[in-house]
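Inside the fold
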Amino acid sequence: MIRSLALLLVLAVLPQDRRDAKLVYRNVTAGATHSCGIASGGVAYCWGDNGFGQLGTGDERSSLVPVAVIGGETFTTLSAGDGFTCGVTTSGVGHCWGRSWRVESGSRPPHSDAPAPVVGSLLFSHISAGANHACGVTIDHAAYCWGSNAEGQLGTGDTASSRNPVPVAGQLSFDSVSAGWAHTCGVTTNRVAYCWGNNKFGQLGDGTRDATRVPREVVQIHDFVSVSAGGRHSCGVGARGTVYCWGDNFHSQIGRTGVQASRSGSLVPVALFASDRFVGVTAGAFHTCALTLKNIDRVTCWGSNQDYQLGVRTSLESDRLIISTDIFQGIPFVQVDAGDNHTCGTTDRGATYCWGRNDDGELGDGTLRAPARPARVAEPDSTRN
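In this text the structure is predicted, and so the values were computed from the model without any measurement. Positions within a chain are numbered from 1, following the residues in the order the chain's sequence is written. Where local features are concerned, this predicted model is filtered to residues with pLDDT of at least 70; where side-chain atom pairs are given and counted, the filter is 80 or more; whole-chain, interface and lining totals use all residues. As a convention, hydrogens and water are excluded, and side-chain values are obtained from all of the structure's heavy atoms.

Aromatic pairing here means that ring centres of Phe, Tyr or Trp (its six-membered ring) are within 6.5 Å. Orientation follows from the plane angle: under 30 degrees is stacked, over 60 is edge-to-face, and everything else is tilted. Per the counting criterion, the structure on display carries 12 aromatic pairs. Relative to tyrosine 45, the ring of tyrosine 25 lies with its centre 6.4 Å away and its plane at 75 degrees, an arrangement referred to as edge-to-face. Within this pair, whereas tyrosine 25 is found in strand 2 (residues 25-30), its partner tyrosine 45 is found in strand 4 (residues 44-48), the two being separated by 20 residues in sequence. Accessibility assignment for this pair places tyrosine 25 and tyrosine 45 in one class, buried. The structure contains a cluster of three or more aromatic residues connected by ring pairs, namely Tyr25, Tyr45 and Trp47. Strands here mean DSSP runs of E at least two residues long; helices mean DSSP runs of H or I at least four residues long; both are numbered from the N terminus. Relative accessible area decides the class of each residue, using a 1.4 Å probe on protein chains only: under 20% of the type maximum gives buried, over 50% gives exposed, and in between gives partly exposed.

Here it is, written out as structure tokens:
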């Protein structure tokens, strides 16, 4: 039974962390056991586990600090998944690298420890890497997916996996897509959210637990500006800045608490934090983080804190809703991304911080320790490339 008391805990950053970053990041992405970021000039850096070549360094040596992705490409977007990474170059070409033995990379050869172009002549605006599949939106607003399709997460109407990008059924015009563990969600150009794939926990938000192999409209809310597919839950931001979540709530990742809350979650979107206005939300495996604009951007996270992925240390039971929030005293976050068990964010000065699980060096601070507060990502290792 979820307890009704919510504990507010503050993310602390030391004053000396206000220093300007030597390497300025535009954005950062957190995967399962690795992270990546795009620095000034579009150069990609990755750090953490590299057992499948997901760091894109041409080898499979893991790194506790950022290392440059080889190949000389410049990127506009990156997305770190489970053992693989995908990105879009400045020319619109999709590239993926890392684990592809279940055909999620969309690139040849089947295993690549360096960026390889996504098969086909499609030009993408962005690509989202999930657990075993990836999806992207082209510059013409068409959605394509590739990889494992056992749960219908490719949205093609069947369960056939594909090494090559295949069009999502329905001929919908998408602004964005987000690949989760075994489901996918997207927002169309007219702000309607659709989800498809596994629906055991109601993560499709259609009011049922029935899986679907084609896009199905998220019910009740029809003005989404963004959506994020997590492990077994999904979240989105409405046009007025309200955060909505739906799906599994076993770790309070959709933010429900109180006597009326149920660990079984919600089959439809639930509005959170009605007094705040948010500009983005990101769903991890069992936690969620959002970015709000109140004088300066502020990060708010809730859900599981087993690996301190909320940015605070606590010994509370995992069934209690934990919320962490902070204004970061002059170095506000302007972007944040939730991975499986860690979180990363970028400040207005281009500094990057990560917090949570660090067993594989995914925090990039040069250690394997899970810090008591968000850790500043270290300067790159210039000896690797």
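This brings us to the sheet that holds strand 6 (residues 75-80). For two strands to count as paired, DSSP must find a minimum of two bridges between them. Taken in spatial order, the four strands line up as 6-7-8-9 in an open sheet, and their pairing is antiparallel. What marks the edges here is a single partner per strand, and that holds for strand 6 and strand 9 (112-117). Looking at each pair of strands side by side, their axes are set apart by 15 degrees on average, direction ignored. Note: strand 7 (residues 84-89) against strand 8 (residues 94-98), five bridges, orientation antiparallel. Within strand 8, the residue paired with threonine 85 across the bridge is tryptophan 97. Fitted lines through C-alpha atoms serve as axes, helices being fitted only where they are in contact, and the angles separating the N-to-C directions of these axes extend from 0 to 180 degrees.

What follows concerns unusual backbone geometry. The phi torsion at glutamine 220 lies on the positive side, around 75 degrees, for a residue other than glycine. Relative to the assigned elements, glutamine 220 resides in the loop between strand 17 (212-217) and strand 18 (224-229). Glutamine 220 gets classed as exposed once you look at its relative accessible area, which sits at 53%. The backbone phi angle of serine 252 is positive, close to 65 degrees, even though this residue is not glycine. Under the relative-accessibility criterion, serine 252 is labelled buried at 0%.

Cysteine sulfurs are considered disulfide-paired once they come within 2.5 Å of each other. Following the criterion strictly, the structure yields seven disulfides and no others. Disulfide pairing places cysteine 235 opposite cysteine 245 at an S-S distance of 2.1 Å. Taking the torsion about the sulfur-sulfur bond, which here is approximately 110 degrees, the covalent link between cysteine 235 and cysteine 245 counts as right-handed. Placement of cysteine 235 in strand 19 (residues 233-238) and of cysteine 245 in strand 20 (residues 243-247) is noted, with a sequence separation of 10 residues between them. In this structure, cysteine 235 and cysteine 245 share a single accessibility class: buried.

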